[in-house]
Each structure stands twice: as C-alpha cells, then as structure tokens.
Amino acid sequence: MLSEGLLTIEIKEALEEIVKQCFYNNRIADRIASLLSVQFVMPATEKIIHSKYAHLMPILADVITDYMSARDCSAIYGETPIGNQEYNTPLDCFQKLLEINLELESKTKKAIDVVMEQKDYVTKVELDSFLKSLIPITNSLLTLVDKAENYNKLEDSREWMSFDKDVHIFNLFED
C-alpha cells in the first residue's frame, strides 16, 4: 500500500478533500459576506458571516493539515472557484452556507469511512473530533436559515432590515 509518512495515499487524498472543502467554503462565504454588505445592506449580518464563518474555514483546514504534518505527510491544496456567485435574497445566501457546511460534514464522514477501512484508528480519533467540532457550526447555520425564513414571510426589505438589527441576539457561532 502506497503511503506518505504514516498516512496511506487514500487517507491523504480523503484529508485533502476536507481541506479543499474548507477553502471552498471560505471563498463562498467571503462572496456572500460581500453581497450581504453591499447588495442586501445587512452590515451586522455580514460582519458575523465574515468574521465567524468565513474566517473559521481556513482555521479548520489548518486542523487537518497540521495533523497531516504531524503524521509526516504533506498537503496539496485544491483549487477554489472564482467568487462571483449571485444570490437573489439573503435567505438564498444562508441556505448556500448551510449546504456547503453539510458538504464539509459529508466529506469528513467519507474520510472516516476510508480510515476505518484501513484501520487507521489514530486518524479516526482526529476526524471524530473534527466532525464533532462541525456540529455547533451547522447548528448556527440551521438557526440562521430558520430565523431568516421566519423573519421574511412577506419578502419585504423591512423584514431584512429587522433581521439584520436582531442578528446579534441569535448567538450565532458562539463557542
């Protein structure tokens, strides 16, 4: 079985998929933050999404690459798309954030499947911890979507202004 350091090539590739997804999530979240600030005029919401979610994604990627380094394995960073996506409403933005975070969970679970097949219990422990750290992030994104749906039943821009004014009380992305 081919390996780099203490990780097999299959495990290395599965971990790199997680890293790639983290940077993809960062790119999408940065674009969404820009749209929230400019197009939707939601500065409070933009600040939370940008500082608490977009900036968190590279930190999560570092958790994986630091682990890879500790196992004497280098990391290859996959490409990310250009940040030019468009969304019709803030709710569309929030739903996209939830979608990409669930994809990060999915890629982590796939990596756990790979390490279990190869009986790499050390990496499994690391990935179990990483997956557990995603739970409160996903919970915040679910709250964001649920609150947005409830605030904006009438699709009125005044509801979005009210949402932006109240976003701090949602306790999103708190430790």
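See the structure shown above.
What counts, and at which threshold
Residues numbered from 1 in each chain as written. Predicted model: local features only at pLDDT ≥ 70, side-chain atom pairs only at ≥ 80, totals over all residues. Heavy atoms only, no water. Helix = DSSP H or I, 4+ residues; strand = E, 2+ residues; numbered from the N terminus. Buried < 20%, exposed > 50% of the residue type's maximum accessible area, 1.4 Å probe, protein only. Contact = heavy atoms within 4.5 Å. Areas by Shrake-Rupley, 256 points an atom, 1.4 Å probe, with all protein chains shown as cover. Lys, Arg positive; Asp, Glu negative; His and termini not counted. Charge placed at Lys NZ, Arg CZ, Asp CG, Glu CD. Salt bridge = Lys/Arg side-chain N within 4 Å of Asp/Glu carboxyl O. Polar contact = N/O pair within 3.5 Å; in protein donor to acceptor, adjacent residues only side chain to side chain. Phe/Tyr/Trp six-rings, centres within 6.5 Å; stacked < 30°, edge-to-face > 60°. Axes fitted to C-alpha atoms, helices over the stretch in contact; angles between N-to-C directions. Parallel < 35°, antiparallel > 145°, perpendicular 65-115°, else oblique. Left-handed = near helix turned anticlockwise from the far one by under 90°.

Asker: Explanation requested: the overall build of the chain in the structure shown.
Answerer: When helices and strands are tallied, the chain shows 6 helices and 2 strands. Listed by position from the N terminus, the elements making up the chain come as β-β-α-α-α-α-α-α. Viewed in the frame of its principal axes, the chain has a C-alpha envelope of about 60 × 30 × 20 Å. For the chain, the residues scored as buried account for 45% of the 175 residues in total. Sequence-distant contacts in the chain: of pairs separated by 6 or more residues, those separated by 24 or more amount to 81%. Only carbon and sulfur atoms are counted for the fraction: they give 53% of the accessible area of the chain, which is about 9200 Å². Here the chain carries 18 positive and 30 negative side-chain charges, and the mean point of each set is 3 Å from the other.

Asker: Even after reading the chapter, I still don't get the pattern of salt bridges, so can you show me in this structure?
Answerer: When charged atoms on two side chains of opposite charge get close, those side chains can pair. Using the criterion set out here, one finds 8 salt bridges in the structure. Between Lys-12 and Glu-16 there is a salt bridge, with the nearest N and O atoms lying 2.4 Å from each other. A residue pair is termed a helical-turn pair when its members lie 3 or 4 positions apart in one helix, as Lys-12 and Glu-16 do in helix H1 (residues 9-38) at 4 residues. Looking at Lys-12, the relative accessible area reads 6%, which means it is buried. The shortest N-O distance in the salt bridge between Asp-166 and Lys-165 comes to 3.2 Å. Assessed through its relative accessible area of 61%, Lys-165 is described here as exposed. Three or more residues are tied together by salt bridges with common partners; here these are Glu-4, Lys-12 and Glu-16.

Asker: What exactly am I supposed to notice about the environment of Thr-8 here?
Answerer: Among the structural elements, Thr-8 can be located in strand S2 (residues 7-8). The contacts of Thr-8, once residues within four sequence positions are left out, are Met-1, Leu-2, Ser-3 and Gln-118. Here Gln-118 takes part through its side chain, which lies 2.5 Å from a polar atom of the side chain of Thr-8.

Asker: Which parts of the structure should I look at to understand the side chain of Lys-107?
Answerer: Looking at where Lys-107 falls in the secondary structure, it is placed in helix H4 (residues 90-117). Sequence-distant contacts of Lys-107, defined by excluding residues within four places in its chain, comprise Glu-17, Ile-18 and Gln-21.

Asker: Help me understand the packing of aromatic side chains in this model?
Answerer: Within a pair of aromatic rings, the relevant descriptors are the distance that separates the centres and the angle that separates the planes. Overall, the coordinates contain 8 aromatic pairs when judged by the stated rule. An angle of 70° between the planes, with centres 5.8 Å apart, marks the rings of Tyr-151 and Phe-170 as edge-to-face. Of the two residues, Tyr-151 is situated in helix H5 (residues 121-151) and Phe-170 in the segment after helix H6 (157-166); the sequence distance between them amounts to 19 residues. Residue Tyr-151 is classed as partly exposed on the basis of its relative accessible area of 22%. According to the relative accessible area criterion, Phe-170 is buried, its value standing at 11%. An aromatic cluster of three or more residues is present, and its members are Phe-94, Tyr-151, Trp-160, Phe-163 and Phe-170.

Asker: Looking at this structure, how should I read the packing of H1 against helix H3 (residues 56-70)?
Answerer: For any two helices packed against each other, the geometry comes down to the angle between their axes and how far apart the axes lie. Running from N to C, H1 and H3 cross one another at 165°; their axes reach a closest spacing of 8 Å. What the angle tells us is that H1 and H3 run roughly antiparallel. Handedness of the H1/H3 crossing: left-handed. Contacts between H1 and H3 involve Lys-12, Leu-15, Glu-16, Ile-18, Val-19, Cys-22, Phe-23, Asn-25 and Asn-26 from the first element and Met-57, Pro-58, Leu-60, Ala-61, Ile-64, Thr-65, Tyr-67 and Met-68 from the second.

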